[in-house]
Amino acid sequence: RDLHLSLRRQRQMCIRDRGITWYQAQKYCQWAGKRLPTENEWEAAARGNSNFIWPWGNENSSQHANTLGKDDGFLFVAPVASFPRGASPFGVMDMAGNVWEWVLDWFAPHPKDLQLTDPIGPTTGKHKVFKGGGWYHEVKFSKANSRFMMAPDMGINFVGFRVVLSEKEDSM
């Protein structure tokens, strides 16, 4: 389960043409008593128990996510949950498109023979991972397994974050 950074905050990021750095996302999480998802948790929320290419399935569609172009009805950031047909099998919204999302992990190449169920990335590095695709990129970059990296002190207007909702909070 997850919570999005408020829509108002996302709009401010876009209007100011500045994004959230990984350090800012981490600082917010500490302030709120939450955390960023790991890359593995993020991908599990996007895929559910499926092997789908995108959270909604294997077919590319502009009706499922806010990606580059105006076919989806938005040129820039869309309001949170504007694409209910794009929900993951777990019902998690906006796992593809709209804004890329920082995750906790430092970047490292995935081993080709990765057999681990819950891999833990390196403890240090130069770049942090972000996932999910955004309004500024083609839908092919919003696949559940797409991942990119950026220095944690950089912020771009198409990168945001989501926080992990603990089981305790979910039962309230």
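For the structure, check the block above.
1. Topic: the overall build of the protein chain
Thinking step 1. A count of helical and extended segments in the protein chain gives four helices and five strands.
Thinking step 2. Overall, the protein chain shows an N-to-C arrangement of helices and strands of β-α-α-α-β-β-β-β-α.
Thinking step 3. The buried share among the 172 residues of the protein chain stands at 44%.
Thinking step 4. Put simply, 70% of the contacts in the protein chain that link residues at least 6 apart link residues at least 24 apart.
Thinking step 5. Looking at the protein chain as shown, the accessible area adds up to about 9800 Å², and 54% of this sits on carbon and sulfur atoms.

2. Thoughts on unusual backbone geometry
Thinking step 1. One non-glycine residue, Ala81, adopts positive backbone phi at about 65°.
Thinking step 2. Structurally, the position occupied by Ala81 is in the loop between α3 (39-47) and β2 (100-106).
Thinking step 3. The exposure class assigned to Ala81 is partly exposed, which follows from its relative accessible area of 38%.

3. Remarks on the nonpolar core
Thinking step 1. Core analysis: the biggest nonpolar cluster contains 16 residues, and Ala25, Leu36, Trp102, Phe130, Val159 and Phe161 have the highest contact counts within it.
Thinking step 2. Breaking this core down by element, the ones donating at least two residues are α2 (22-32), β2 and β5 (159-164).
Thinking step 3. Of all hydrophobic cores here, the second largest spans eight residues; its members include Ala45, Ala46, Val92 and Met95.

4. Comments concerning the pairing of β2
Strand residues, when the strand is regular, have side chains that alternate between the two faces of the sheet.
Thinking step 1. In terms of burial, β2 is a largely internal element, six of the seven residues being buried.
Thinking step 2. Looking at chain direction, β2 and β5 are connected through three bridges and run parallel. Along β5, the bridge assignment pairs Trp100 with Val159.
Thinking step 3. When β2 meets strand β3 (residues 128-131), the two strands line up antiparallel, connected through three bridges. Residue Trp102 lies in a different strand from β3, and its bridge partner there is Phe130.

5. Details of the side chain of His64
Thinking step 1. By the element assignment, His64 lies in the loop between α3 and β2.
Thinking step 2. A distance of 3.0 Å separates the side chain of His64 from the side chain of Ser61, its partner in a polar contact.
Thinking step 3. The residues touching His64, leaving out its near neighbours within four places in the chain, are Trp56, Phe83, Arg85 and Gly86.

6. Remarks on α2
Working note: α-helix, 3.6 residues per turn, so residues spaced by three or four point in the same direction.
Thinking step 1. Looking at α2, one finds that the buried residues are Trp22, Ala25, Gln26 and Cys29. The arc that holds the buried residues of α2, viewed along the axis, is 100°, so those residues lie on one side. Opposite its buried face, α2 presents the exposed residues Lys27 and Trp31, each directed more than 90 degrees away.
Thinking step 2. Where α2 ends, the next residue or the one after it, Gly33, has phi of about 70°, a positive value.

7. Considering the side chain of Lys128
Thinking step 1. For Lys128, the location among the structural elements is in strand β3.
Thinking step 2. One buried charged residue, Lys128, remains without a salt bridge, the closest side chain of opposite sign being Asp105 at 7.2 Å.
Thinking step 3. Not counting chain neighbours up to four residues away, the residues in contact with Lys128 comprise Trp22, Trp102, Leu104, Asp105, Trp106, Phe107, Phe148, Met149, Met150 and Pro152.

8. A closer look at the environment of Ala87
Thinking step 1. Its place among the elements puts Ala87 in the loop between α3 and β2.
Thinking step 2. In this structure, the C-alpha to C-alpha distance between Ala87 and Gly57, residues 30 residues apart in sequence, is 9.7 Å.

9. Some thoughts on the packing of aromatic side chains
Thinking step 1. This structure, assessed with the given rule, holds 14 aromatic pairs.
Thinking step 2. The interplanar angle of 90° and the centroid separation of 5.2 Å between the aromatic rings of Trp100 and Phe130 together place this pair among those described as edge-to-face. Linking Trp100 in strand β2 with Phe130 in strand β3, this pair joins segments that are 30 residues apart in sequence. By the burial criterion, Trp100 is buried, and Phe130 matches it.
Thinking step 3. The rings of Trp100, Trp102, Phe130, Phe141 and Phe148 are connected pair by pair, giving a single aromatic cluster.
Thinking step 4. Lying across the ring of Trp22, Lys128 places its NZ or CZ 4.0 Å from the centre.

How each quantity is defined
- Residue positions within a chain follow its written sequence, with the count starting from 1.
- Confidence filtering applies because this is a predicted model: local features only for residues at pLDDT of at least 70, side-chain atom pairs given and counted only at 80 or more, and all residues used for totals across whole chains, interfaces and linings.
- In computing side-chain properties, one takes all heavy atoms of the structure into account and sets aside hydrogens as well as water.
- Where helices and strands are cited, they refer to DSSP runs of H or I of at least four residues and of E of at least two residues respectively, numbered from the N terminus.
- Whether a residue is buried, partly exposed or exposed follows from its accessible area with a 1.4 Å probe, protein chains only, as a fraction of its type maximum: under 20%, in between, or over 50%, in that order.
- We call two residues contacting when some pair of their heavy atoms lies within 4.5 Å.
- All accessible areas in this document rest on Shrake-Rupley with a 1.4 Å probe, and a residue is counted as covered only by the protein chains that are shown.
- Take the buried Ala, Val, Leu, Ile, Met, Phe, Trp, Tyr and Cys residues and link them wherever side-chain atoms come within 4.5 Å; each set so joined is a nonpolar core.
- DSSP bridges decide pairing: two strands pair if at least two such bridges lie between them.
- Polar contacts, as used here, are pairs of N or O atoms within 3.5 Å; protein pairs need one atom able to donate a hydrogen and one able to accept it. Residues neighboring in sequence count only if both atoms are side-chain atoms.
- What the arc measures is the spread of directions leading from the helix axis to the C-beta atoms.
- The charged-residue count follows a simple rule in which Lys and Arg add positive charge and Asp and Glu add negative charge, with His and chain termini not counted at all.
- Think of a salt bridge as a Lys or Arg side-chain nitrogen and an Asp or Glu carboxyl oxygen that are within 4 Å of each other.
- For this analysis, a ring pair means two rings from Phe, Tyr or Trp (six-membered ring only for Trp) whose centres lie within 6.5 Å, classed as stacked if their planes differ by under 30 degrees, edge-to-face if by over 60, and tilted for the remaining angles.
- For a lysine, the NZ atom is tested; for an arginine, the CZ atom; a charge sits over a ring if that atom is within 6 Å of the ring centre and within 35 degrees of the ring normal.

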